[in-house]
Amino acid sequence: MRYFLDTEFNGFGGALISMALVPEDGDQEFYTSIPLEDEVHPWVASHVIPYLRHVPPGVDYELSRVHAAEHIAAYLAGDPAPVIIADWPDDIAYFCQLLLVGPGQMVTVPHLRFELVNAAGFSSAATSKVPHNALHDARALRDFYAVFGTER
């Protein structure tokens, strides 16, 4: 199955703040936020932090990196060949970095494929119901892909 990925991070090259995976079909979404240990970038403090909890009740948030990685592994465990789709290279990089839980250690995930889509004309800030919230931005990417994904 295809999963649409979005992340939020603490400025260019900064620590991961939140991550979401939204399946192409169904409503079983994944979302987590990770507490920041560094000073929050001013833009992130204004545009991301206030919206971290704009997610459905019962969603796991504020997990440690290791627990977030374990939750991703559990979330993807039932899918033998997930395809992770993103519109920005950093999203894929942060996803892969989160899978690492220690030196030479990673959580067990199924065989994964990644697809970086050409999302010219797509703006999550313009189309997301809650801009700069990873879950809502991933939903917006899924909706964009449903209309334009195969044409690019």
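For the structure, see preceding data.
Described in the following lines is the structure provided in the data block. On a predicted model such as this, the values are computed, not experimentally measured, just so you know.

**Some details on the overall build of the protein chain**
Here's step 1: Broken down by element type, the protein chain carries 5 helices and 7 strands.
Here's step 2: Listed N to C, the secondary structure of the protein chain is β-β-β-α-α-β-α-β-β-β-α-α in terms of helices and strands.
Here's step 3: For the protein chain, whose C-alpha radius of gyration is 15 Å, the value lies close to the compact-globule estimate of 15 Å for 152 residues.
Here's step 4: Overall, the protein chain is about 40 × 35 × 30 Å in size when its C-alpha atoms are taken along their principal axes.
Here's step 5: Scored against the burial criterion, the 152 residues of the protein chain give a buried share of 45%.
Here's step 6: For the protein chain, contacts bridging at least 24 residues in sequence account for 67% of all contacts bridging at least 6.
Here's step 7: Total accessible area on the protein chain is roughly 8100 Å²; 55% of this is exposed by carbon and sulfur atoms.
Here's step 8: Of the side-chain charges in the protein chain, 8 are positive and 20 negative, and the distance between the mean point of each set is 5 Å.

**Quick notes on the sheet that holds strand S4 (residues 83-86)**
Here's step 1: Here we have 5 strands laid out as an open sheet, ordered S3-S2-S1-S4-S7, and mixed in their pairing. Looking along the sheet, the strands with just one partner apiece sit at the ends: strand S3 (30-33) and strand S7 (113-116). Going from strand to strand, the sheet's axes swing by 20° on average, the running direction of each strand aside.
Here's step 2: Here S4 pairs with S7 via 4 bridges, running parallel. In the sheet register, Ile 84 faces S7, and the bridge partner there is Phe 114.
Here's step 3: Lying on the sheet, helix H3 (residues 89-99) is in contact with strand S1 (2-9), strand S2 (16-23), S4 and S7; it crosses S1 at an angle near 90°.

**Re helix H2 (residues 65-76)**
Here's step 1: With 12 residues, H2 extends 17 Å between its outermost C-alpha atoms, agreeing within 8% with the 16 Å of an ideal straight helix rising 1.5 Å per residue.
Here's step 2: Turning to H2, its buried residues number three or more, namely Ala 68, Ala 69, Ile 72, Ala 73 and Leu 76. End-on view of H2: buried residues confined to an arc of 140°, all on one side of the axis.

Reading the values: the criteria
- Residues numbered from 1 in each chain as written.
- Predicted model: local features only at pLDDT ≥ 70, side-chain atom pairs only at ≥ 80, totals over all residues.
- Heavy atoms only, no water.
- Helix = DSSP H or I, 4+ residues; strand = E, 2+ residues; numbered from the N terminus.
- Rg over C-alpha atoms; globule rule 2.2 N^0.38 Å.
- Buried < 20%, exposed > 50% of the residue type's maximum accessible area, 1.4 Å probe, protein only.
- Contact = heavy atoms within 4.5 Å.
- Areas by Shrake-Rupley, 256 points an atom, 1.4 Å probe, with all protein chains shown as cover.
- Lys, Arg positive; Asp, Glu negative; His and termini not counted.
- Charge placed at Lys NZ, Arg CZ, Asp CG, Glu CD.
- Pairing = 2+ DSSP bridges.
- Axes fitted to C-alpha atoms, helices over the stretch in contact; angles between N-to-C directions.
- Expected span 1.5 Å × (residues − 1).
- Arc of directions from axis to C-beta.

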